Amino acid sequence: MTTVLIDDIGLLVTHDHERPEVREAALLVEDGVVAWWGEAASAPSADTRIDAAGGCVIPGFVDSHSHVVFAGDRADEFEARMAGRSYEAGGIRRTVRLTREASDEQLLATATRLVAEARAQGTTTMEIKSGYGLTVADELRSVRLAATLTTEVTFLGAHVVPEGNRDEYIALVTGEMLDACAPHCRWIDVFCEAGAFTVDESRRILEAGIAKGLGARVHAGQLGHSDGVRLAVELGAASVDHCTFLSDGDVEALAGSDTVATLLPGVEFSTRQPWPDARRLLDAGATVALASDCNPGSSFTTSMPLMVAFAVRDMGMTPAEALWASTAGGAAALRRDDIGHLRVGARADLAILDAPSYVHLAYRPGVPLVRHVLASGRRDTPGLQQMPEYGKLV
């Protein structure tokens, strides 16, 4: 048995129901799992000691929505949007073309770099979607590459219709493509938006994935109001993501279900759309998560601390709510109870901040406040290591 004691913690965030925060604390890890926490004065001995130097310790961020298997750059689209052009889903096809042209080595190198970048900012679990291949062979290689980096892999063959006959493509997604990709995935997702897939098409695609044993996730409410949110609730999806445009009925449906509303504020920053109204969802009783939606078109960032800052500044969340949404909320969106918190028995995934409180994540936006990251109790020092030494973001 290997034990690690983190002590001199100024503020420990556990997300424990009875004691969510502890001051002047310590935390003990045994074989990669949280074994004890409490006041530093009562800390047990351990094989190894890590000095938090009075900093805040938080659960590792759980980024439950990303698209990091891709090739190319769309900075010109961002520049055009900043000059006044509106965002449309059609830019996805540009990334599809570039991704198809890239080698496996190029795709893996980009994804690996982005995962390492996320880890350096405190992310210890990261979901990764396919969706930039849109042929059987290219979607299969996307999910296989993603599976080398995370256990949370999502099949998103239904990102857009790439070319050709629409009905034939949907038949491909629900047939041969799903058959090839499902063994490498935990989830199926669909982009249920104008310009992508209708509600009826989305239902057909999701039900095919569910029949294969995959959990459901849905992109909905990004570009306008639709019935995609209530479809997600009806099918028992773990998460419906974006939720920028919601009707009162959508909010009520989410509040009465265990489907998580995952908000992706990096998209609103990059596209100048209205910010999601997190306060409305929270006040209604819905479960809210925050995620990066890292992708080359509408949110090219891996920074979960930045999502926290956006949520506090522009979405009506308190710092404590935003931290919960980016950790425990993300875990709920992945239907995981072993991550996103630091209760006894949890995976020892955590970040040690160079700050006395998590409030500084919003108070000092853009500042690299993560001093150390522990994944299953193993320490990584941001900026000093490269993947794959980090291992999977499981």
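Refer to the structure presented above.
Residues numbered from 1 in each chain as written. Predicted model: local features only at pLDDT ≥ 70, side-chain atom pairs only at ≥ 80, totals over all residues. Heavy atoms only, no water.

**Structural notes on the overall build of the protein chain**
Heads up, the condition is: Helix numbering and strand numbering both begin at the N terminus, where a helix is a DSSP run of H or I of at least 4 residues and a strand a DSSP run of E of at least 2. Our radius of gyration looks at C-alpha atoms and nothing else; its globule reference is 2.2 Å times the residue count to the power 0.38. Any residue under 20% of the maximum accessible area for its type is buried, any over 50% is exposed, and the rest in between are partly exposed; the area is computed with a 1.4 Å probe on protein chains only. For this analysis, residues touch if any pair of their heavy atoms sits within 4.5 Å. Exposure was quantified through the Shrake-Rupley algorithm and a 1.4 Å probe, taking into account, for residues, occlusion by the shown protein chains and nothing else. Only four residue types enter the charge count, namely Lys and Arg as positive and Asp and Glu as negative; His and the chain termini do not. We put the charge of a Lys on NZ, of an Arg on CZ, of an Asp on CG and of a Glu on CD.
Counting its secondary structure elements, the protein chain contains 14 helices and 17 strands. Computed over its C-alpha atoms, the radius of gyration of the protein chain comes to 20 Å, within 12% of the 21 Å expected for a compact globule of 394 residues. Along the first, second and third principal axes, the C-alpha atoms of the protein chain reach 70 × 45 × 45 Å. Scored against the burial criterion, the 394 residues of the protein chain give a buried share of 58%. A fraction of 69% describes how many contacts in the protein chain between residues 6 or more apart in sequence connect residues 24 or more apart. As presented, the protein chain carries roughly 14,600 Å² of accessible surface, and 50% of it is formed by carbon and sulfur atoms. Each charge sign in the protein chain was given a centre, from 35 positive and 54 negative side chains, and these centres are 3 Å apart.

**Quick look at the environment of threonine 150**
To keep it simple, the criterion reads: The term polar contact refers here to a pair of N or O atoms within 3.5 Å; inside protein, the definition further demands a hydrogen-donor-capable atom paired with an acceptor-capable atom, and it admits residues adjacent in sequence only when both atoms are side-chain atoms.
Its location among the elements puts threonine 150 in the loop between α4 (136-146) and β9 (153-158). On the accessibility criterion, threonine 150 (1% relative accessible area) is buried. Among the polar contacts made by the side chain of threonine 150, one reaches the main-chain carbonyl oxygen of methionine 126 at a distance of 2.7 Å.

**What about the packing of aromatic side chains?**
The condition that has to hold: Under the pairing criterion, centres of Phe, Tyr and Trp rings, with the six-membered ring standing for Trp, must be within 6.5 Å; the plane angle then separates stacked pairs below 30 degrees from edge-to-face pairs above 60, leaving the rest tilted. Any Lys NZ or Arg CZ found within 6 Å of a ring centre and within 35 degrees of that ring's normal is scored as a charge over the ring.
According to the stated counting rule, one finds four aromatic pairs in the structure shown. Their ring planes at 75 degrees and their centres at 5.7 Å tell us that phenylalanine 70 and phenylalanine 300 sit as a pair that is edge-to-face. With phenylalanine 70 in the loop between β6 (61-63) and α1 (75-82) and phenylalanine 300 in the loop between β14 (288-290) and α11 (304-314), the pair connects residues that are 230 residues apart, well separated along the chain. Across from the ring centre of phenylalanine 197, 5.6 Å away, lies the NZ or CZ of arginine 166, which sits over that ring. Taking NZ or CZ as reference, arginine 217 lies 4.5 Å from the ring centre of tryptophan 187, over its face.

**Focus: the pattern of salt bridges**
Here is the rule we go by: For this analysis, a salt bridge means a side-chain nitrogen from Lys or Arg found within 4 Å of a carboxyl oxygen belonging to Asp or Glu.
One pass over the full model with this rule turns up 27 salt bridges. Where glutamate 321 meets arginine 279, a salt bridge forms, and the shortest distance between an N and an O atom there is 2.8 Å. Of this pair, glutamate 321 sits in helix α12 (residues 319-326) while arginine 279 sits in helix α10 (residues 278-284), placing them 42 residues apart in sequence. On the basis of relative accessible area, glutamate 321 is assigned to the partly exposed category, the value being 23%. The structure contains a network of salt bridges with shared partners spanning Arg74, Asp76, Glu77 and Arg94.

**Digging into the nonpolar core**
Worth spelling out the cut-off: Grouping buried Ala, Val, Leu, Ile, Met, Phe, Trp, Tyr and Cys residues that are joined through side-chain atoms within 4.5 Å yields what is termed a nonpolar core.
By size, the foremost hydrophobic cluster in this structure holds 88 residues, and its most contacted members are Ile58, Phe197, Val218, Leu281 and Leu361. Per-element accounting of this core gives the leading share, six residues, to helix α5 (residues 166-181). Counting residues in each nonpolar core, the second largest holds 18 residues, with Val4, Ile6, Val34 and Leu350 among its members.

**Some remarks on the pairing of strand β16 (residues 370-375)**
Heads up, the rule is: Strand pairing requires that DSSP identify at least two bridges connecting the strands.
Burial analysis of β16 places five of its six residues in the buried class, which makes it a mostly covered element. The pairing of strand β15 (residues 350-353) with β16 spans four bridges and is classified as antiparallel. What sits directly across from leucine 353, in β16, is valine 370.

**Let's talk about the sheet that holds strand β8 (residues 128-129)**
Stated formally: Under this scheme, a helix contributes an axis fitted over its contacting stretch, all axes are lines through C-alpha atoms, and angles between N-to-C directions fall in the 0 to 180 degree range.
Spatially, seven strands are ordered β8-β9-β10-β11-β12-β13-β14 in an open sheet, and the strand pairing comes out parallel. Because the sheet does not close on itself, it has two edges, and the strands there are β8 and β14. Of the strands in this sheet, β9 and β10 (187-190) touch α5, which is tilted by about 155 degrees from β9.

**Side note on the pairing of strand β2 (residues 21-30)**
In this structure, strand β1 (residues 3-13) lies alongside β2, joined through eight bridges in antiparallel fashion. Note on β2: the bridge partner recorded for leucine 12 is valine 22. Bridge count for β2 against strand β3 (residues 33-39) is six bridges, and the pairing is antiparallel. Paired with leucine 28 across the strands is tryptophan 36, a residue of β3. In sequence, β2 turns back onto β3 through a hairpin of two residues, with aspartate 31 there showing a positive phi of about 50 degrees.

**Quick notes on the packing of α4 against α5**
Angle between the axes and distance between the axes are the two parameters that describe a pair of packed helices. Defined as follows: With respect to orientation, any angle under 35 degrees is reported as roughly parallel, any angle over 145 as roughly antiparallel, any angle of 65 to 115 as roughly perpendicular, and every other angle as oblique. We call a crossing left-handed when the near helix sits turned anticlockwise from the far one by less than a right angle, and right-handed when that turn is clockwise. As a working rule, the residues Ala, Val, Leu, Ile, Met, Phe, Trp, Tyr, Cys and Pro are called nonpolar, Asp, Glu, Lys and Arg charged, and the rest polar, with Gly in that last group.
For the pair α4 and α5, interaxial distance at closest approach is 9 Å and the crossing angle is 40 degrees. Taken as axis vectors, α4 and α5 run oblique relative to one another. The two elements α4 and α5 meet at a crossing, and its hand is right-handed. Facing Val136, Glu139, Leu140 and Val143 of α4, the residues of α5 in contact are Leu172, Glu176, Met177, Ala180 and Cys181. Residue composition of the contact of α4 with α5, by class: seven nonpolar, no polar and two charged.

**Quick notes on unusual backbone geometry**
Phi at histidine 242 takes a positive value of approximately 100 degrees, unusual for a residue other than glycine. Within the secondary structure, histidine 242 sits in strand β12 (residues 239-242). In this model, arginine 335 sits at a positive phi of 55 degrees, which is unusual for a non-glycine residue. Relative to the helices and strands, arginine 335 is located in the loop between α13 (328-333) and β15. Using a relative accessible area of 39% as the deciding quantity, one classes arginine 335 as partly exposed.

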